[in-house]
Amino acid sequence: MRPALSLHGVSKRYRIFQNGRDRLKETLSFGRKRYSHDFWALKDVSLEVEPGTTLGILGRNGAGKSTLLSIASGILPPSEGTVEVNGRLIALFALGAGFNSEFTGRENIMLNGLILGIERQEILDRFDDIAEFADIGEFIDQPIKTYSSGMRSKLGFAVAVNVKPDILILDETLAVGDAVYKQVALQKMYELRDSGTTILFVSHSTRTVEQFCNKAILLDKGRLLATGETGEVAERYQELVQEAQKKGSKRLGGRDPVDSLAHDGEAQALEKVTKSELQMAHPGDDGTGETKIRSVEVLDERLLPAKKVAPDSTVTVRVQLEYLEAVKDSEVVVTLRNKAGLEVFSASTARDGVPLKEMEKGERVTVDFAFKVPLHHGPYNVTAAARAGDEDTYLDVADAAAAFRITRPQDREPFEGIVHLPTEIRVHDAPEVERQGRSA
Amino acid sequence: MSTKTTSAKPGGPGAILGSLATFYERRWLIKYLAQRQVARSYQGSYLGLVWALLSPLLMVAMLTVIFSNVLGIRVREVTGDSALNFGLYLYCGLIPFLAYSQALNQGVNIIRRNSDLVQGVVFPLEILPLTTVLTSLIQNVFGVVAVSLVLAGLEQRFNWTIVLLPLVMVVQLVFTLGLAYLMAVAGTYIPDIRETLKAVVRATFFITPILWPTGRVPEQYSFLVDYNPLAALVEAYRDLILGGQLPDAWGMAYFSIVALVLFVVGFVVFNRAKHNFADLL
């Protein structure tokens, strides 16, 4: 099978000019004179991405991640090397590129789709999916100048992910939208991944990459430092960030007193950057890291991993944890969210009367949550968290770590609403109800 | 499944032919973008697209009142000596000139104005100047309709030669498009070109026989009419709309050759330069 994306010896050079006049002088000299110096944003990067891979791209600020994505998607030409793309590639950098604020949402879906290179007929065919996913209701027929910025990006995102891309390129650092929509977006990403879409994903957070991707690469100063399994690459990244922090603190410690005044601002900024990067790179970026959630799985009634389950059937969410430190008192919580990001249900070991024992360092434990799902059909996702006994300290959080779909009921009409509460219906004559009410 | 390769070297002849093919592949997009630009001009007004016809009519009326009635200038030899004499002569020359100046002045900005398309998505940039030129020609058509209405209504004349005008407009499209490509490249590399161009366009207005009749040009300045491609275009419009006669064959042949050369040069230059646009913005 041909790779979905391959890069051969790709480099990107930027010419740095002191000012605009130098640029003009160099252009007019037709290569006889140089007024610039070179900056290599990428240097000799070769990479093959097999179809269906979810590739995480890690690296510090300025490592060349965004340049790599821009070149892979064909927006920037490489200075050296070649890029080969097989299939429809959609890059989510500029959601809603070419949107016209005077046009309605409906017209802009068409315009944006055509700009992304999709056939007119295909956009018409997928129109309902796009409108449903964008979930902006009647606003679809209003000019988008009346939209909030969140609604605009929802619409752009809806077009981009509903036209069945073969390769999807996204930069998490540019993610927009409210918390609820982020859930929806994340869930759609899982769906696309599971349906075999090749995804290139830039993130600062090793946690997200480890959860979401099955391969990763590490960039540093424009060079490819590591390729391989997400775990190994993430470790290299953490080492890299820690090294950078050490260097940073050394510079702070051994500074010359005269210099210190002048460089104070710079040093502080550096410290700030490395600190926040370190936090993001650290596995406990959503928790203290004393515990690590190894996996979250959704199982059907036969206890087999499932992507689809029948309505009203019993679903088991299996959470596997590892305690990196000894923890005296802890609990595991799972939360089920529907496609609108609404918290439908949550269960906790402590609250539901199955307290966890005191854990040793290095101890592994598996917790199964089995529950019936009398819920409306559609996609759902599961967030798992490990909390300390005080309920305020999170040891680890795996946000939207697993997703599944409840199928449409076969034997009956789907009910309206979120949950199908067990209902008993009785019909009485009116006087009887009155009498009962009076006697009560 | 489609395969796309990008490499460090800018496209050769194959890439340029491929780029021509994108015009057909992306025809719906071109249509939408042109529509968007035409609609934008009249958006928010109560009469909407009616203005596209109404504003050239108002223009004809104004020119007529000033030049034919107030100043009493007569250049056309029309039986019955209509009051519309010079106004129509002037407006007929203005129609193709306005399309030309609009396409150029917008073309020079087009890459910078659409920076979200240049930097955000993979987009066939050669479409952008084409939509600008098409938009200007659509407005050009409304102008022609307005003139014909006035001519038919007030002079009770209708020249059948007008059916040949679309042929002239095809050559005009090629000519303007070539210039628009060149200007788009120049304006992206050198921002100062934008201001310079306004002056140049204004100058071409005066050296083209729009305000003045070709018959009154002194001998030593006749090259302004003979070698100015815009003069050939303007004359062709007048012959077909007002004169009811075929335009000068040599003039049209000269204009067509200039148009073709400009287009080929402009298109090739644009295709070689477009890879650098994202870096330049």
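The coordinates are above.
Quick caveat: nothing in here was measured; it's all calculated off a predicted structure. (Residues numbered from 1 in each chain as written. Chains lettered and ligands numbered in written order. Predicted model: local features only at pLDDT ≥ 70, side-chain atom pairs only at ≥ 80, totals over all residues. Heavy atoms only, no water.)

**So, the interface of chain A and chain B**
Point 1. Opposite the 36 residues of chain A that make contact, chain B presents 29 residues.
Point 2. Carbon and sulfur atoms make up 61% of the area that chain A and chain B hide from each other, which totals about 2900 Å².
Point 3. Remark: the boundary between chain A and chain B carries 0 salt bridges.
Point 4. On inspection of chain A and its partner chain B, the count reaches 1 residue pair in polar contact (both at pLDDT 80 or more).
Point 5. Going through the elements one at a time, β1 (5-17), α1 (20-28), β4 (80-86) and α3 (105-115) of chain A are the ones with two or more residues in the side of chain A that touches chain B.
Point 6. In terms of residue count, the dominant contributor to the side of chain A that touches chain B is β4(A) (7 residues). (Contact = heavy atoms within 4.5 Å. Buried area = accessible area lost by both parts, 1.4 Å probe. Salt bridge = Lys/Arg side-chain N within 4 Å of Asp/Glu carboxyl O. Polar contact = N/O pair within 3.5 Å; in protein donor to acceptor, adjacent residues only side chain to side chain. Helix = DSSP H or I, 4+ residues; strand = E, 2+ residues; numbered from the N terminus.)

**A short note on the sheet that holds strand β10 (residues 291-299) of chain A**
Strand pairing in a sheet takes place through backbone hydrogen bonds and is either antiparallel or parallel in direction.
All names here are of chain A.
Point 1. Judged by pairing direction, the sheet is antiparallel, and its 3 strands sit side by side in the order β10-β12-β15 without closing on themselves. Edge positions in the open sheet fall to β10 and β15 (364-372), since each of these has one partner strand only. Between one strand axis and the next, the sheet turns by 20 degrees as a mean value, whatever way the strands run.
Point 2. Sheet analysis places strand β12 (residues 314-323) next to β15, joined by 9 bridges and oriented antiparallel. Counterpart to T314 in the pairing with β15 is K372. (Pairing = 2+ DSSP bridges. Axes fitted to C-alpha atoms, helices over the stretch in contact; angles between N-to-C directions.)

**Focus on the sheet that holds strand β17 (residues 394-406) of chain A**
Residues and elements named next belong to chain A.
Point 1. Reading across from one edge, β11-β17-β16-β13-β14 is the order of the 5 strands in this open sheet, with mixed pairing throughout. Each edge of the open sheet is held by one strand with a lone partner, namely β11 (308-309) and β14 (343-348).
Point 2. The pairing of strand β13 (residues 330-338) with strand β16 (residues 378-388) spans 9 bridges and is classified as antiparallel. Along β16, the bridge assignment pairs E331 with R387.

**Re a nonpolar patch on the surface**
All names here are of chain B.
Point 1. There is a patch of nonpolar side chains on the surface, built from F158, W160, V163, L164, L167 and L246 and spanning about 680 Å² of accessible area.
Point 2. Residue placement: L164 occurs in the loop between α7 (127-155) and α8 (165-189).
Point 3. Accessibility expressed as a relative area gives 33% for L164, which makes it partly exposed. (Patch = residues over 30% accessible without salt bridge, like charges linked within 9 Å, V, L, I, M, F, W, Y side chains within 5 Å. Areas by Shrake-Rupley, 256 points an atom, 1.4 Å probe, with all protein chains shown as cover. Buried < 20%, exposed > 50% of the residue type's maximum accessible area, 1.4 Å probe, protein only.)

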